[in-house]
Amino acid sequence: AEAAAATEGPLMVIAGPGSGKTRMLTHRLAHIVLEQEVPSSACLAVTFTRKATEELRARLLALLGERGAGIAVESFHSLGLSILRAHGARLGLPADFRIASEAERRAALVSALGVTDSRAGQLLKAVSVLKRSGGQGAGEEAAARAALAEAGRAGGFLDFDDLVVRAADLLETHPDIAALWQGRFAHVVADE
C-alpha cells in the first residue's frame, strides 16, 4: 500500500543539483511500468534541454530495456511543437508553420520599428522575458512584441518561446484538446 501511495497524486521534489532528482524520476517511471504494469506509452517525461532528454531516455532504456523506448521523453519545447503541429490550426497557425531564426526575427524588428540591429537584439531578449513571464510589456517592448506577432502571422513562423507559450494557451483555451493529451499520458514527470 505504501508503494502504491507513492505513485498516486502529484509529488514535488525540490533538491539541488547533483542530488539525484533525475535518478528518482527514472526509477519512479520504472516502478510504474514494471511493478504497476502501466503501459510505457501512458508515461511522459519532460525536461528543459535536448541533452537532458537524451540522458533521461538513456537511463530509462537502461532500467526498462525495450519497454523504456515506449515512454515519451520530450523537452518542453519539443512537446509544445508536437502539440502545435497536431492542433495549431485551432490557434490559426498554418499547417506548415516554422521556427524563425534569431536573425530573421531581428530583421523583422529592424524593418517594422526602424531600430538598429543591436537594439533589435535587445528587444528580442525583452520580448522573450515577457513571453516566459506572461507579461505584455509597455512602450517599445510592447511594440516589438506586436511587430513580431504580426511578422509571424505574415511569414508563418513562431519563435522558440512560442512553442511553450502557444501550446499552453491552446491547452488552456481548448478543454477538448487538453483532455486528449491528459488521456494519452496518465503519468507525467517533469525534471526541472
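Refer to the structure presented above.
Owing to the predicted nature of the structure, the values given are computational and were not obtained by experimental measurement. Along every chain, residues carry numbers that run from 1 in the direction the sequence is written. Whole-chain, interface and lining totals are the exception, using all residues; otherwise, since this is a predicted model, local features are given only for residues with pLDDT of at least 70 and side-chain atom pairs are given and counted only at 80 or more. Hydrogens and water are ignored here; the side-chain numbers use all heavy atoms of the structure.

Trainee: Even after reading the chapter, I still don't get the overall build of the protein chain, so can you show me in this structure?
Mentor: Within the protein chain, the secondary structure is distributed over nine helices and five strands. A helix here means a DSSP run of H or I that spans at least four residues, while a strand means a run of E at least two residues long, and both kinds are numbered starting from the N terminus. In the protein chain, the succession of helices and strands from N to C terminus is α-α-β-α-β-α-β-α-α-α-β-α-α-β. Dimensions of the protein chain along its principal axes, counting C-alpha atoms only, are 65 × 35 × 25 Å. Residue burial in the protein chain is summarised as follows: out of 192 residues, 38% are buried. Whether two residues touch is decided by their heavy atoms; if any such pair falls within 4.5 Å, the residues are in contact. The contacts of the protein chain with a sequence gap of at least 6 include a subset with a gap of at least 24, amounting to 65%. All accessible-area figures derive from a Shrake-Rupley calculation using a 1.4 Å probe, and residue coverage is judged against the displayed protein chains alone. Of the roughly 10,900 Å² of accessible surface on the protein chain, 56% is carried by carbon and sulfur atoms. Under the scheme applied here, a residue whose accessible area is under 20% of the maximum for its type counts as buried, over 50% as exposed, and between as partly exposed, the area being computed with a 1.4 Å probe on protein chains only.

Trainee: Can you help me understand the sheet that holds strand 2 (residues 72-75) in this one?
Mentor: Either a parallel or an antiparallel arrangement is found when strands of a sheet pair, and the pairing is made through backbone hydrogen bonds. Strand pairing follows a simple DSSP-based rule, namely that at least 2 bridges must link the two strands. Across the sheet, which stays open at both edges, the three strands sit in the order 2-1-5 with parallel pairing between neighbours. Each edge of the open sheet is held by one strand with a lone partner, namely strand 2 and strand 5 (187-191). Here the average twist between neighbouring strands, direction ignored, is 20°. Packed onto the sheet, helix 2 (residues 21-34) meets strand 1 (43-47) and strand 5 and runs at close to 170° relative to strand 5. Axis geometry follows a simple rule: fit a line to the C-alpha atoms, using only the stretch in contact for helices, then measure angles between N-to-C directions, giving values from 0 to 180 degrees. Each of strand 1, strand 2 and strand 5 is contacted by helix 4 (residues 76-87), which is oriented at about 105° to strand 2, the strand it contacts most.

Trainee: Looking at this structure, how should I read the packing of helix 5 (residues 102-113) against helix 7 (residues 139-155)?
Mentor: Between two packed helices, what matters for the description is the angle formed by their axes and the separation of those axes. The geometry of helix 5 relative to helix 7 is characterised by a closest axis approach of 9 Å and an angle of 115° between their N-to-C directions. Classified by the interaxial angle, the pair formed by helix 5 and helix 7 is roughly perpendicular. As helix 5 runs across helix 7, the sense of the crossing is right-handed. For the pair helix 5 and helix 7, contact is made by Arg105, Ala108, Leu109, Ala112 and Leu113 and by Ala143, Ala144, Ala147, Leu148 and Ala151, respectively. Any residue outside Ala, Val, Leu, Ile, Met, Phe, Trp, Tyr, Cys, Pro, Asp, Glu, Lys and Arg is labelled polar, Gly included; the first ten of those are nonpolar and the last four are charged. Classifying every residue of the contact of helix 5 with helix 7 by side-chain character gives nine nonpolar, no polar and one charged. Angular relationships are summarised with four words: roughly parallel below 35 degrees, roughly antiparallel beyond 145, roughly perpendicular across 65 to 115, and oblique for the angles in between. Helix crossings get a hand from a simple test, with the near helix turned counterclockwise from the far one by less than a right angle marking a left-handed crossing and a clockwise turn marking a right-handed one.

Trainee: What is the right way to look at the packing of aromatic side chains in this model?
Mentor: For any pair of aromatic rings, the description rests on two quantities: the centre-to-centre distance and the angle between the ring planes. Between rings of Phe, Tyr and Trp, where Trp is taken as its six-membered ring, a pair exists when centres lie within 6.5 Å; planes separated by under 30 degrees are stacked, by over 60 edge-to-face, and by other angles tilted. Under the defined criterion, the tally for this structure stands at two aromatic pairs. For the pair phenylalanine 48 and phenylalanine 76, a centre-to-centre distance of 4.8 Å together with 50° between the ring planes defines the contact as tilted. With phenylalanine 48 in the loop between strand 1 and helix 3 (50-64) and phenylalanine 76 in helix 4, this residue pair connects regions lying 28 residues apart in the sequence. Its relative accessible area of 47% is what places phenylalanine 48 among the partly exposed residues. As a reminder, the over-ring test applies to NZ of lysine and CZ of arginine, requiring each to be within 6 Å of the ring centre and within 35 degrees of the ring normal. One cation-aromatic arrangement involves arginine 85 over phenylalanine 97; the distance from NZ or CZ to the ring centre is 4.0 Å.

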